[in-house]
Amino acid sequence: MSAMTLYVEKNSIIHHMDPLTKLMYVFVSIAATYIVPVHEFVFLTAAFSLLLIIIGKVFMKILPIIAISIILIISIIIVQGMFHPDNKTVLFSIGAITFYQEGLSYAVLLTVRVINMLSAFGVLILTTKPDELIERLIKKGMSPKIGYVFLSVLQIIPQIRATMGKIADAQRSRGMETEGSLIVRIRAFFPLIGPVVLNSLNDTRERAIALEMRGFNTKGKKTFLNESREYPYRKIIQFLLIAILMATIVWRVLL
Amino acid sequence: MRKRSVWSLKISTAAIVLIPAAIGINYLGKLIAGLLKLPLWLDSIGTVLAGMLAGPIIGALSGIMNNIIYGMTVDPISTVYAITSGVIGMGVGIMAYKGWIANIKKAIVIGVVVGFAAAIVSTPLNIIFWGGQTGNVWGDAFYAYFISMDLPVWLASFGDSIVVDVPDKVATVIISYLIFKGLPNTLTNIYRSDNEIEEL
């Protein structure tokens, strides 16, 4: 039963960075590409995000993440390229299909923004242990209850997936059809989801009792299992990120 | 015990533990819909159930956290729609509290209302982030058609979202309603913060 995370255990400078700094990077780099609609700048930002991924030694892992969004990217290129309201200059035609320069130029901008968004997230999620990130957030003042919710989801989903496998086998052995017409498939939905939902809701009751017994609701100051460690260049990078964000806003205003 | 408002921020432990379960159920719905090759996402059943069981605040929290976690573990794009999911959970929570889950016809109304609310929230996000599309083939075909009719981008994008969201949310709410009605009372009572039942 594998935990649900995209984290890749490697030894790189990116892995040793402060999770909060990486979180800030995600926010700043995505915001920057949307604040400044200049092709060169957006390209540069995306390239920098990909560079961080390469430094983090996780380049191969970002490809499947980008692949998930490939339909969105194709749709952006086709729809904007063919139907963008500002379309005037014909770039090329394939039969009855005509692509326009204005639309395609906008589509390229959007696509690179999407790739930057995915890569910036990749920098965070591929190189940061979820529990390390959550612990940093709690130390910064996030409610430990919210932290609990985040971390327990990562454990519950593999459990649910396992239960789901068992129930699907059980129902199939009792003659449930999972293939055929739409009606047949819709009918199969309830026997599959019903028992798992009931199971997981039942579990919540027991889990709630267990948590209360361990002082989940106590008001006192909570201590941490892991000692907080010093992260390299934390202050300077955070300062730079804020400065960059300010600069992009100024740039946009002056543009 | 004093009767508390449905908006009370004092949340019971059971309600907090409901959030991860709801997120798990969301994931499960998507998994089964994919397994059975259904033409819908059905990825917010848990959020809707959480809204029905524990009210708007837990519903909204389940929705928001669902998309953040999904973004952190599978598909970063879904983080963009965290607000949409929050609105879905909150909408269902409010309407369920006002008595709109009395029968299946009323439940369908919840689905339509929530579908429209989701589309209204998604449209500006779609326009800002991807120039108006949703990445859903059917919706985007509509978008392209509307745009080629010289309709404004916001209207085309709204149409795109409606085509995708309303049927999905109606189906989701109907499924959640049927599951909700099938749950034993001992289970449905523990999450509410507005009734007379002793807290856990």
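Note that this is a predicted model, so its numbers are computed, not measured. (Residues numbered from 1 in each chain as written. Chains lettered and ligands numbered in written order. Predicted model: local features only at pLDDT ≥ 70, side-chain atom pairs only at ≥ 80, totals over all residues. Heavy atoms only, no water.)

A. Layout of the overall build of chain A. Secondary structure assignment for chain A yields nine helices and two strands. The order of α-helices and β-strands along chain A, N terminus first, is α-α-α-α-β-β-α-α-α-α-α. Against the compact-globule benchmark of 18 Å for 255 residues, chain A has a radius of gyration of 24 Å, which places it well outside the compact range. Taken over the C-alpha atoms alone, chain A extends approximately 65 × 60 × 30 Å along its principal axes. Across the 255 residues that make up chain A, the buried fraction comes to 42%. Taking the intrachain contacts of chain A between residues at least 6 apart in sequence as the baseline, contacts between residues at least 24 apart amount to 73%. A total of about 14,000 Å² of accessible surface is found on chain A, and carbon and sulfur atoms cover 66% of it. Of the side chains in chain A, 27 bear a positive and 16 a negative charge, and the two mean positions are spaced by 4 Å. (Helix = DSSP H or I, 4+ residues; strand = E, 2+ residues; numbered from the N terminus. Rg over C-alpha atoms; globule rule 2.2 N^0.38 Å. Buried < 20%, exposed > 50% of the residue type's maximum accessible area, 1.4 Å probe, protein only. Contact = heavy atoms within 4.5 Å. Areas by Shrake-Rupley, 256 points an atom, 1.4 Å probe, with all protein chains shown as cover. Lys, Arg positive; Asp, Glu negative; His and termini not counted. Charge placed at Lys NZ, Arg CZ, Asp CG, Glu CD.)

B. Spotlight on the UniProt feature "transmembrane region" (unreviewed entry) in chain A. Here, the residues flagged by UniProt with the feature "transmembrane region" (unreviewed entry) are residues 25-55, 62-83, 103-126 and 236-254 of chain A. Split by type, residues 236-254 of chain A is 100% helix and 0% strand. Its first and last C-alpha atoms lie 27 Å apart. (UniProt positions renumbered as here; feature names shortened; annotations may be inferred.)

C. Representation of the interface of chain B and chain A in the model. Each partner contributes residues to the interface: chain B has 62 residues there, and chain A has 62 residues. A combined buried area of about 5,400 Å² lies between chain B and chain A, and 82% of that area is made up of carbon and sulfur atoms. In this assembly, chain B and chain A are joined by zero salt bridges. The tally of links from chain B across to chain A stands at eleven residue pairs in polar contact (both at pLDDT 80 or more). (Buried area = accessible area lost by both parts, 1.4 Å probe. Salt bridge = Lys/Arg side-chain N within 4 Å of Asp/Glu carboxyl O. Polar contact = N/O pair within 3.5 Å; in protein donor to acceptor, adjacent residues only side chain to side chain.)

D. Highlighting the side chain of B:Ser176. By the element assignment, B:Ser176 lies in helix 7 (residues 153-182). Leave out the neighbours within four places in its chain, and B:Ser176 touches B:Ile45, B:Val48, B:Leu49 and B:Met52.

E. Region of interest: the domain arrangement of chain A. You can read the domains of chain A as domain 1 (19-128 + 229-254) and domain 2 (135-213). For domain 1 of chain A and domain 2 of chain A, the distance between their C-alpha centroids amounts to 34 Å. (Domains from an automatic or database assignment.)

F. Structural context of the packing of helix 1 (residues 19-35) of chain A against helix 9 (residues 234-254) of chain A. All names here are of chain A. Viewed as axis vectors pointing N to C, helix 1 and helix 9 meet at an angle of 15°, and their least axial separation amounts to 10 Å. When the interaxial angle is binned, helix 1 and helix 9 end up roughly parallel. Helix-helix and strand crossings are classified by hand; for helix 1 and helix 9 the assignment is left-handed. In this structure, helix 1 contributes Leu20, Thr21, Met24, Tyr25, Phe27, Val28, Ala31, Ala32, Tyr34 and Ile35 to the contact, and helix 9 contributes Arg234, Ile237, Gln238, Leu241, Ile242, Ile244, Leu245, Thr248, Ile249 and Arg252. Taken together, the residues of the contact of helix 1 with helix 9 sort by class into 15 nonpolar, three polar and two charged. (Axes fitted to C-alpha atoms, helices over the stretch in contact; angles between N-to-C directions. Parallel < 35°, antiparallel > 145°, perpendicular 65-115°, else oblique. Left-handed = near helix turned anticlockwise from the far one by under 90°. Nonpolar A, V, L, I, M, F, W, Y, C, P; charged D, E, K, R; others polar.)

G. Region of interest: helix 4 (residues 82-97) of chain B. The terminal C-alpha atoms of helix 4 of chain B, which comprises 16 residues, lie 23 Å apart, in line with the 22 Å expected from a rise of 1.5 Å per residue. Just downstream of helix 4 of chain B lies B:Gly99, where phi reads positive at about 95°. (Expected span 1.5 Å × (residues − 1).)

H. How the structure looks around the UniProt feature "transmembrane region" (unreviewed entry) in chain B. In the UniProt entry, the feature "transmembrane region" (unreviewed entry) is given for residues 6-28, 40-65, 77-97, 109-130 and 142-159 of chain B. Structurally, residues 77-97 of chain B comprises 76% helix and 0% strand, and the distance from its first C-alpha atom to its last is 32 Å.

I. Structural context of the pairing of strand 2 (residues 97-100) of chain A. All names here are of chain A. Relative to strand 2, strand 1 (residues 90-94) runs antiparallel, the two being bridged by four bridges. Considered in strand 2, the bridge of Val90 is made with Tyr100. Counting the residues in the hairpin turn of strand 1 and strand 2 gives two residues, including Gly95, whose phi is positive at 60°. (Pairing = 2+ DSSP bridges.)

J. Layout of empty space enclosed by the protein. Applying the stated criterion across every chain yields a total of two cavities of 30 Å³ or more. In this structure, the second largest cavity encloses a volume near 40 Å³. Lining the second largest cavity are A:Met4, A:Ile157, B:Ile23, B:Tyr27, B:Asn66, B:Ile69 and B:Tyr70. Looking at the lining of the second largest cavity, the element that brings in the most residues is helix 3 (residues 56-73) of chain B, giving three residues. Per-class residue counts for the lining of the second largest cavity are six nonpolar, one polar and no charged. (1 Å grid on protein atoms, 1.4 Å probe; cavity = no way out; pocket = protein on both sides within 12 Å on 5 of 7 lines; lining within 4 Å. Points joined across faces, edges and corners; volume = space filled by probe spheres on them.)

K. Molecular detail of helix 2 (residues 39-55) of chain A. All names here are of chain A. Under the 1.5 Å per step criterion, the end-to-end length of helix 2 is 24 Å for 17 residues, consistent within 8% with the ideal 24 Å. Along helix 2, the residues that are buried comprise Phe41, Val42, Thr45, Ala46, Ser49, Leu52 and Ile53. Along the long axis of helix 2, the arc covered by the buried residues comes to 135°, so they all point the same way. Set apart from the buried face of helix 2 by more than 90 degrees, the exposed residues are Glu40 and Leu44. Those residues of helix 2 that are buried lie in contact with helix 1, helix 3 (59-68), helix 5 (101-127) and helix 9. Once helix 2 ends, the next one or two residues include Lys57, with phi positive near 60°. (Arc of directions from axis to C-beta.)

L. Main features of the packing of helix 4 of chain B against helix 5 (residues 104-130) of chain B. Residues and elements named next belong to chain B. One can describe the packing of helix 4 onto helix 5 by two numbers: an axis separation of 9 Å at closest approach and a directional angle of 155°. Taken together, the axis directions place helix 4 and helix 5 in an arrangement best described as roughly antiparallel. Here the hand of the crossing between helix 4 and helix 5 comes out right-handed. Contacts from Ile83, Thr84, Val87, Ile88, Gly91, Val92, Met95 and Ala96 of helix 4 reach helix 5 at Val109, Ile110, Val113, Val114, Ala117, Ala118, Val121, Ser122 and Leu125. When grouped by side-chain class, the residues that make up the contact of helix 4 with helix 5 number 14 nonpolar, three polar and no charged.

M. Main features of the layout of surface pockets. By volume, the largest pocket amounts to about 1,200 Å³. Every residue lining the largest pocket is counted, 39 residues in all, and those nearest its centre are B:Lys30, B:Trp41, B:Asp43, B:Thr134 and B:Asn136. For the lining of the largest pocket, the secondary-structure elements that each account for two or more residues are helix 4 (70-83) of chain A together with helix 1 (13-35), helix 3, helix 4, helix 5, helix 6 (137-148) and helix 7 of chain B. When residues of the lining of the largest pocket are assigned to their parent elements, the largest contribution, seven residues, is made by helix 7 of chain B. The residue makeup of the lining of the largest pocket, split by class, is 18 nonpolar, 15 polar and six charged. Roughly 990 Å³ of volume is contained in the second largest pocket. Contributing to the lining of the second largest pocket are 35 residues, with A:Ile138, A:Pro144, A:Lys222, A:Thr223 and A:Phe224 lying nearest its centre. Taken together, the elements giving at least two residues each to the lining of the second largest pocket come down to helix 6 (130-139) and helix 7 (144-173) of chain A. Element by element, the count of residues in the lining of the second largest pocket is highest for helix 6 of chain A, at seven residues. The residue inventory of the lining of the second largest pocket, partitioned by class, reads eleven nonpolar, ten polar and 14 charged.

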